[in-house]
Amino acid sequence: MRSLLFLLASSLSLAQTGADLGLWFVRWPEPITAPVGDDVVFECSVNVPAESVRWRQGDHWLQQDRPPPPRPTSTSRLLVKFEDEKQEGDYQCVAWFGASALASTPARLTLAELQPFLYQPQKEVRVTPGNTVAIACPPPVSKPPAVIQYLQDGTIMPESSNTLATTGTLILPNVTAKDSGVYTCTATNYITGMVINSPMKVILKVEKSNESGSPRFLYQPQTKYTVQAGQNISLECCGIGNPVPVVSWRRVNSDLPIGRSEQIPGGLRIASVQLADQGQYVCELKNGVPPMIAQLITLDVQVPPMVSKGPSNAVVEEDSDTELTCEATGSPTPNITWFLNGESVLNDSHITPQGGNLIIKKIQKKHAGIYQCFATNAAGVTFGAAMIQVSPTQVTAGDPPPYLPEIDSNEQSESSTTPGPGRGRKKDHTRKSKDRRREKKHRNNVMIPPTRPNITRLSNKSVMVRWSVPPNPGLPIQFFKVQYQDLDSSGKHGQWMTSNEDIQPHINSYEVDGLITGHHYRFRIAAVYSNNDNKLGRTSSKFHLNRGPSNDETPFFPPNLTYAESLSPTSIRIHWEYLNSVLAPVDGFYVYYRATTSAGDYIKATAEGQNTRSYLLSHLAPDTHYDIKMQSFTVRAASDFSVIISAKTLKEINATTAPEVVEASGLGDKSSHGQLYLVLGAVISGLALICTLAGGICICYRRSAAQQDHGGDGCDKSGVEGGLTIQQLEPVALNGFSHGRAVTNGFIPCSINITNNPLADSHQDKNAMELSCMRRHNNNCPSGAPAQSGSDWCTPPPIMARTGENYV
């Protein structure tokens, strides 16, 4: 770690004007609102592995249940069992690098609650048709803000009802008699699920009237709004009168935002609010009956803080004075606080913070480390940072230097190849150039192995193994094999077992079932290449198959499959929705699909990343229905399955399509009769052909029977049992062997058992092909297939073999 700090100090010397430490938080704690009884997880990640990460709530360091990891870590998670309101507050993670530390921005844990509505008296409103009516339901105190829902005569109003997003007021534009009724409202806290009814009741009567009335507000409009820059806002101003009043908007001492402001029923909408939009706005209502009315509204715009000029890295002499500066922008003006190595500087008598300035008197060696200036306002918090090194006072000339000299990596590598002191070795440039030419010549024949697999627990007896192959110009892969090792079995490490299935090269995940709960396993992936050779990937880390909950519940939900689109005869793209959760972030999604009519095992695929929302299923059969379902997953578990949706691939362009059948009543046109005659003719011709074939078979059968009575062979001269043969079946590929044609080197299989085949018996449900034996060729057997004694047959070899490794 001392070398890491020296490396950081070296990089800092190159950035005199900035505060680039080379350290930053990739992920920082995020605010969470939760009810009492929930388990809350905070997470932070640093770009450089830290020696340790500690958490604190406010000014108090927390005792974590788990001990610190034995080696540097980049990510840390804090689990808070929210059992008491005292646990509310700011949580912060601090990453340590030797004696220096970097603190993250804090995140607040807030108790979810919903308080009762304040009392609202009943109100009766009479208006004439054509007015725009605003019905306000002042929300109760709620964390997070409550969702307001309106009811008309006890029925929940549809979501299409017009409500102002900023205030939640219900707007009824251009009312008619059908809008008359009793209006009430409810509030829902979506975290706790609690729903309460408001005592508010508004009786609206829309009636025609000949009496004129000047404009008036049903409710006094809100006079002040606060919004963050970049968001949208709706300023409310809605009144009634007879005739219907006309509403107009203007801005005090300025113009309305050009291109971003729009007058809507009941208010003024401003999109993508900017700091320049801050100020006062006036809403005026006129209908020709004096007096007119107006309302002054103030808009405050908040801008999150940003450190425009942070402290600079420096090397300071011990016992000298120094000053750090930090400038930040934002609205309202940010408040600046200072930290040294993750802790406040307020308790140090040598350090005096003065807003954006930090004065250090007689700096000591303990003051070396990372300084952070946190800029905070109502819109957010950020920080700037710098590394301050303290150069010790030189007491005597013989003192050692405060830092070890840096060793150049090139010099170190060269010295490591030197045979001995004073003896050098001449570099072999000729050998290097030959190796480079040889590598260039054979780079297209290289076998790139799959990556180290990742494992996810699916159940008490199964896991999902997933991997990838880096993009490369090497040999193409024919299929994968998954191998696994039970480390708790008898023997030193247990025997490597291999999956029976050949996994297609476009599939990069596989479910291993039949494991033993509580045992430890290792997994690896073997790739079989186009040259029929194979290569193993790296072995996974040790995986412990834990026993899950009795009901297999997971803290996250399955994705919601929305729709599937057929892109081609061999591909379908699926789309889904998923709400990412800070409490239970997922690593990606598993996709399962199979032909609807097969009812066989699902093919598995993996969509990596929690933000992925679509996936392309390829290598499908044309004009085929597929059942599709999904799971979300983490390293530890997978969710329940989603609902199953079906999709059908497109037909091939050159495929023959059946004529469309059109149902009609009455007399059709001449073309319809023509098509009918053609269909009838085709059917009659087919029946005649079938009858002819049946007659021929019958005659042949009778002759055969007669000849058998006289010792003849009948019609079948081939000696094949069954009489009828099918001569033009497509050959079936079988791991290098082919059914119906000679195999490489002239060896011919004598028996092939094909299951899950259209010609196979219906009771055969396994998807497998078995090679029972091979006939000798020129009294020889292929390599790996020994001859059977006293027979002309050879014992079939394994599917794929390599020295010391057999796939079985």
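A brief structural summary. (Residues numbered from 1 in each chain as written. Predicted model: local features only at pLDDT ≥ 70, side-chain atom pairs only at ≥ 80, totals over all residues. Heavy atoms only, no water.)

## With respect to the overall build of the chain
In terms of regular secondary structure, the chain is built from 4 helices and 59 strands. Relative to its full complement of 808 residues, the chain shows a buried share of 35%. Taking the contacts inside the chain whose residues are at least 6 apart along the sequence as the reference set, 65% of them involve residues at least 24 apart. When the accessible area of the chain is evaluated, it comes to approximately 48200 Å², of which 52% is carbon and sulfur surface. (Helix = DSSP H or I, 4+ residues; strand = E, 2+ residues; numbered from the N terminus. Buried < 20%, exposed > 50% of the residue type's maximum accessible area, 1.4 Å probe, protein only. Contact = heavy atoms within 4.5 Å. Areas by Shrake-Rupley, 256 points an atom, 1.4 Å probe, with all protein chains shown as cover.)

## Description of the environment of T352
Residue placement: T352 occurs in strand β34 (residues 351–354). Sequence separation between T352 and E323 is 29 residues, and the spatial gap between their C-alpha atoms is 9.6 Å. What T352 contacts, discounting residues up to four positions off in sequence, is N357, L358 and I359.

## Quick word on the environment of I191
Relative to the elements of secondary structure, I191 occurs in the loop between β17 (181–188) and β18 (195–197). With residues near it in sequence (within four places) discarded, I191 still touches T33, A34, P35, A112 and P144.

## Some thoughts on the nonpolar core
Ranked by size, the top nonpolar core spans 41 residues in total, and within it V463, V512, F523, I574, Y593 and I628 carry the most contacts. Here the element with the most residues in this core is strand β43 (residues 520–529); it accounts for 5 residues. V48, W55, L78 and A385 belong to the second largest nonpolar core, which has 27 residues in total. (Core = buried A, V, L, I, M, F, W, Y, C linked by side-chain atoms within 4.5 Å.)

## Thoughts on the pairing of strand β36 (residues 369–377)
Extensive coverage of β36 is indicated by the burial of 8 of its 9 residues. Bridging between strand β32 (residues 335–340) and β36 involves 6 bridges; their strand directions are antiparallel. Within β36, the position partnered with L340 by the bridge is Y371. (Pairing = 2+ DSSP bridges.)

## Points about the packing of aromatic side chains
Inspection of the entire model under this criterion finds 11 aromatic pairs. Geometrically, the ring pair formed by Y592 and F641 is edge-to-face, given 5.0 Å between the ring centres and 75° between the ring planes. Here Y592 is found in strand β48 (residues 588–595), whereas its partner F641 is found in the loop between β51 (625–633) and β52 (645–648), with 49 residues between them in sequence. Overall, the relative accessible area of 3% leaves Y592 in the buried class. For F641, a relative accessible area of 38% gives the class partly exposed. An aromatic cluster is defined as three or more aromatic residues linked by ring pairs; in this entry it consists of F339, F374 and F383. The ring of Y592 has K629 lying over it, and the distance from NZ or CZ to the ring centre is 5.8 Å. (Phe/Tyr/Trp six-rings, centres within 6.5 Å; stacked < 30°, edge-to-face > 60°. Lys NZ or Arg CZ within 6 Å of the ring centre and 35° of its normal.)

## Quick notes on the sheet that holds strand β33 (residues 343–344)
Working definition: the strands of a sheet are paired by backbone hydrogen bonds and lie parallel or antiparallel to each other. Sheet architecture is open: 5 strands sit in the order β29-β37-β36-β32-β33, paired in mixed fashion. Two strands bound the open sheet, and with one partner strand each, they are β29 (314–317) and β33. Direction of pairing for β36 relative to strand β37 (residues 380–391): antiparallel, over a ladder of 9 bridges. Its bridge partner lying in β37, A375 is registered against T382.

## Things to note about the state of the cysteines
Summed over all chains, the structure comprises 4 disulfides. The disulfide partner of C44 is C93, and the S-S distance across this bridge is 2.4 Å. Because the sign of the S-S torsion sets the handedness, a value of about 130° for the bond joining C44 and C93 places this disulfide among the right-handed ones. With C44 in strand β3 (residues 39–50) and C93 in strand β7 (residues 89–97), the pair connects residues that are 49 residues apart, well separated along the chain. The same class applies to C44 as to C93, namely buried. Put simply, C137 and C185 are joined by a disulfide, and their sulfur atoms are 1.9 Å apart. (Disulfide = S-S within 2.5 Å.)

## As for the side chain of S198
Position of S198 among the secondary structure elements: in the loop between β18 and β19 (202–206). Within the structure, the side chain of S198 is placed 3.0 Å from the backbone nitrogen of M200, a separation counted as a polar contact. Filtering out sequence-adjacent residues up to four positions away, S198 remains in contact with F117, C137 and C185. (Polar contact = N/O pair within 3.5 Å; in protein donor to acceptor, adjacent residues only side chain to side chain.)

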